[in-house]
Amino acid sequence: MNSDYYLMSPGKRFLHKCKDAAVGFGRGFCGFWVALGRGFLRITRTCIDTLKQIGVDWWHGDLATKASYFVLGLSHIAHGQIIRGLIYLALELLFIGYMVAFGGHFLVMCFENFFTGGNIGRTETHVSDVWDDNLGEYPKIEGDNSFLILLYGILTLFVVLFFIIVYFISIREGAKLEKNKKQGIKPDNFARDLGRLSDDRFHITLLSLPMLGLFMFTIVPLVTMIFIAFTNYDANHEVPEHLFQWVGFKNFVELFSMESKLGNTFWRVLGWTLIWAVLATFSNYFLGMLLAILINKKGIRCKKLFRTMFVSTIAVPQFVSLLIMSKMLDVDGGIITQFIQSVFGYKMQFGLDITTTRIAIVIVNMWVGIPYSMLMCSGILMNIPADLYESAKMDGASPFHTFVKITLPYMLFVTGPYLITSFIGNINNFNVIYLLSGGGPGDLLLYTDGAKGTDLLITWLYKLSLGADRNYKLASVIGIIVFVISATLSLMVYNKSSAVQEEDSFQ
C-alpha cells in the first residue's frame with residue numbers, strides 16, 4: 001500500500017478502501033468469467049486430443065480393435081476380457097433398443113423445431129368429429145403432451161451423452177488391451193475388477209447410487225427448467241390441452257427490457273433482493289459477533305442464562321415465529337403496532353408502506369438470525385489464543401484496534417465460507433418474506449405480474465408458477481438468473497476470501 005495512505009484522514013482511508021474493494025470486485029467478476037472460458041477451452045482441447053488418439057488407435061489397431069469401433073466389446077473379448085466385453089456389448093444393444101423403441105421418438109419430436117420455433121409436439125387435445133354411442137358424446141382425443149416430450153427428450157439426450165462416454169472408454173480400453181498383449185502383459189480378469197470395486201475403487205461403489213439419484217432428481221429437472229425458459233409455457237399453452245413452442249431468447253429480452261413494465265418490475269425486485277441479502281447477512285453476522293464478544297467478556301455474570309435466553313428463539317420452529325410476528329405487526333390489531341402507537345404516537349404501516357415493511361422485515365430477521373451467529377461466534381472466540389490479546393494490550397492497543405486486527409481477521413478466516421452460504425441463502429430466503437408480508441405491499445404503478453414491494457426473486461418465482469397466469473416460462477428465466485447470480489458470487493467471493501487465499505499462512 002502506498003505511503004500516502006497513512007497520511008490520509010480516516011474518512012479518506014475509508015473511501016480509498018471502498019474504491020479498492022470495488023475495483024477488486026470488478027476484477028474478480030471479470031476474472032471469474034475469464035477462468036470459466038479458459039476451463040471450457042481446456043475441455044475442448046482435451047476432447048480434440050482424445051479424438052486424435054482414437055484416430056491413431058484405429059490406424060495402428062488390429063482387426064478386433066477396429067471392429068470394436070462398431071461393435072463394442074469385441075476387442076475386450078479378443079484380448080482376454082470376455083465378461084467386460086460382453087457388458088459393453090450389452091450396453092450398446094440396450095442403447096440401440098432404447099433409442100428405437102422409446103427415446104429416439106421423443107428426442108426428434110422435442111428438437112425438430114428447435115431452431116424454427118415450432119411446437120413441441122404435433123397435435124393438441126381436441127374433440128372428435130365422430131359421435132360415440134357408448135359415451136353419448138363426441139369423445140375427447142388426447143394430443144401430444146409438450147412437457148413430457150421435453151422431459152423425455154432431455155432424458156434421452158443424457159442417455160446419448162452417457163453412451164458416448166461409454167463408447168470412448170470402451171475403444172480406448174480395447175486399444176490399450178491390444179498394446180498390453182503385444183508387450184506380454186496379461187489383462188485383469190473379472191474377479192479382480194470386482195475386487196477393486198471393494199478396495200481402491202470403493203468410493204465408486206458407494207457413490208454410484210447417490211449420483212444416480214442426484215442425476216434423476218436434480219440434474220434432469222434443472223436442465224428441463226432451463227429449456228422451459230426458451231418456450232412460451234404458461235396458462236394459455238398449458239399441457240395437456242395445448243402445446244407450447246420454442247421462442248428462443250424472447251423471454252429473456254422481455255424480462256431485461258427497461259422499456260416494458262415487466263422489465264422495470266424485474267430490476268426493482270432484483271435490486272431489493274440484493275439489498276436484502278446484504279442487510280440480512282451482515283446485520284446478523286456482525287451483531288451476532290458483537291453479542292458473543294459481550295457475553296464472553298470477562299466479568300460478565302450469568303453467561304449461561306444470557307445464552308439460553310437468546311437461543312430460545314431457535315427452539316421455536318421458524319415458520320411459527322414468523323407467522324406470530326406477522327400477526328403482532330398487523331396494522332389494525334397487532335400488539336407491537338399498538339405499543340409503538342401508544343408510546344411514540346406513530347402508527348406503523350406494516351403491510352401498507354413498502355419502506356416500513358422492509359425495515360420491519362430486516363429487524364425481525366435479525367431477531368431470528370442473530371442467535372445462530374452468536375452461537376457460532378462464541379465457539380470461535382473461545383479458540384482465539386489469549387496471548388494475542390495480552391500482547392496487544394501490552395503494546396497499548398485499544399479494544400477497537402484489538403477487534404479490528406485480531407478478532408475480526410480470525411473470525412473472517414474461519415467463517416468466510418459460512419458468510420457466503422448465508423448470503424446465498426438470504427437471496428433465496430423464501431420463509432421470512434412470504435410468511436411475514438406475503439411479498440406485499442404492492443403498487444400497481446411500480447410492479448406487475450404478481451410482484452410486490454418486498455418480493456424477492458424467489459418469492460416472485462413462486463407466485464409466477466402458482467398464480468392464475470401460471471407463467472412457467474418467466475419463472476424458469478428467473479430461476480436461471482438466481483442460479484447464475486448465486487453461483488457467480490459464491491465462487492468468486494470464495495476464491496478471494498482469506499479462507500482460501502491464506503489457508504496455509506494464516507496464524
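## As for the layout of surface pockets
So, point 1. The computed volume of the second largest pocket comes to approximately 1100 Å³.
So, point 2. As for the second largest pocket, its lining consists of 32 residues, and the residues nearest its centre are Arg84, Tyr88, Leu91, Ile169 and Glu173.
So, point 3. Here the lining of the second largest pocket takes 12 residues from helix α5 (residues 146–182), the largest share from any one element.
So, point 4. A class-by-class count of the residues in the lining of the second largest pocket yields 22 nonpolar, 2 polar and 8 charged.

## Describing the pattern of salt bridges
So, point 1. Taken as a whole and judged by the stated rule, the model has 8 salt bridges.
So, point 2. Among the salt bridges present, the one from Glu112 reaches Arg122, with a minimum N-O distance of 3.5 Å. Note that Glu112 is positioned in the loop between α4 (82–111) and β1 (126–127) and Arg122 in the loop between α4 and β1, a separation of 10 residues in sequence.
So, point 3. Note on Glu112: relative accessible area 35%, which makes it partly exposed.

## Some points on unusual backbone geometry
So, point 1. For the bond from Val239 to Pro240, the omega torsion is 0°, close enough to zero to count as cis.
So, point 2. With respect to the element layout, Pro240 can be found in the loop between α7 (202–228) and α8 (250–256).
So, point 3. In this structure, the amide linkage connecting Gly440 to the following residue, Pro441, adopts the cis form with an omega of 0°.
So, point 4. Positionally, Pro441 belongs in the loop between α16 (430–436) and α17 (457–466).
So, point 5. The phi dihedral of Asp449 falls on the positive side, at around 55°, and the residue is not glycine.
So, point 6. With respect to the helices and strands, the residue Asp449 is situated in the loop between α16 and α17.

## Topic: the environment of Thr356
So, point 1. Positionally, Thr356 belongs in helix α13 (residues 354–381).
So, point 2. You can call Thr356 buried: its relative accessible area is 13%.
So, point 3. Separated by 312 residues in sequence, Thr356 and Thr44 have C-alpha atoms that sit 53 Å apart.
So, point 4. If we skip the residues at most four places from it in the chain, Thr356 touches Tyr346, Met348, Gln349 and Phe350.

## Let's talk about the nonpolar core
So, point 1. Formed by 43 residues in total, the largest nonpolar core has its most connected members in Leu150, Leu255, Leu457, Trp460 and Ile478.
So, point 2. Ranked by residues supplied to this core, first place goes to helix α18 (residues 472–496) with 10 residues.
So, point 3. Setting aside anything within four residues of it in sequence, one finds Leu255 in contact with Leu262, Gly263, Phe266, Trp267, Trp460, Leu474, Val477, Ile478 and Ile481.
So, point 4. Residues Tyr285, Ile370, Ile406 and Leu436 belong to the second largest nonpolar core, which totals 36 residues.

## Overview of the environment of Leu177
So, point 1. Note that Leu177 resides in helix α5.
So, point 2. With 200 residues separating them in the primary sequence, Leu177 and Cys377 have C-alpha atoms 57 Å apart.
So, point 3. Beyond its immediate sequence surroundings of up to four residues, Leu177 is in contact with His76, His79, Gln81 and Pro187.

## Some details on the side chain of Thr488
So, point 1. Here Thr488 is to be found in helix α18.
So, point 2. By relative accessible area, Thr488 is classed as buried at 6%.
So, point 3. Only 2.7 Å separates the side chain of Thr488 from the backbone oxygen of Val484, close enough to count as a polar contact.

## Topic: the side chain of Ser373
So, point 1. Relative to the helices and strands, Ser373 resides in helix α13.
So, point 2. A residue is classified by how much of its surface remains accessible, and Ser373, at 1% relative accessible area, is buried.
So, point 3. Sequence-distant contacts of Ser373, defined by excluding residues within four places in its chain, comprise Asn284, Tyr285, Gly288 and Tyr418.

The rules behind these values
- Residues numbered from 1 in each chain as written.
- Predicted model: local features only at pLDDT ≥ 70, side-chain atom pairs only at ≥ 80, totals over all residues.
- Heavy atoms only, no water.
- 1 Å grid on protein atoms, 1.4 Å probe; cavity = no way out; pocket = protein on both sides within 12 Å on 5 of 7 lines; lining within 4 Å.
- Points joined across faces, edges and corners; volume = space filled by probe spheres on them.
- Helix = DSSP H or I, 4+ residues; strand = E, 2+ residues; numbered from the N terminus.
- Nonpolar A, V, L, I, M, F, W, Y, C, P; charged D, E, K, R; others polar.
- Salt bridge = Lys/Arg side-chain N within 4 Å of Asp/Glu carboxyl O.
- Buried < 20%, exposed > 50% of the residue type's maximum accessible area, 1.4 Å probe, protein only.
- Contact = heavy atoms within 4.5 Å.
- Core = buried A, V, L, I, M, F, W, Y, C linked by side-chain atoms within 4.5 Å.
- Polar contact = N/O pair within 3.5 Å; in protein donor to acceptor, adjacent residues only side chain to side chain.

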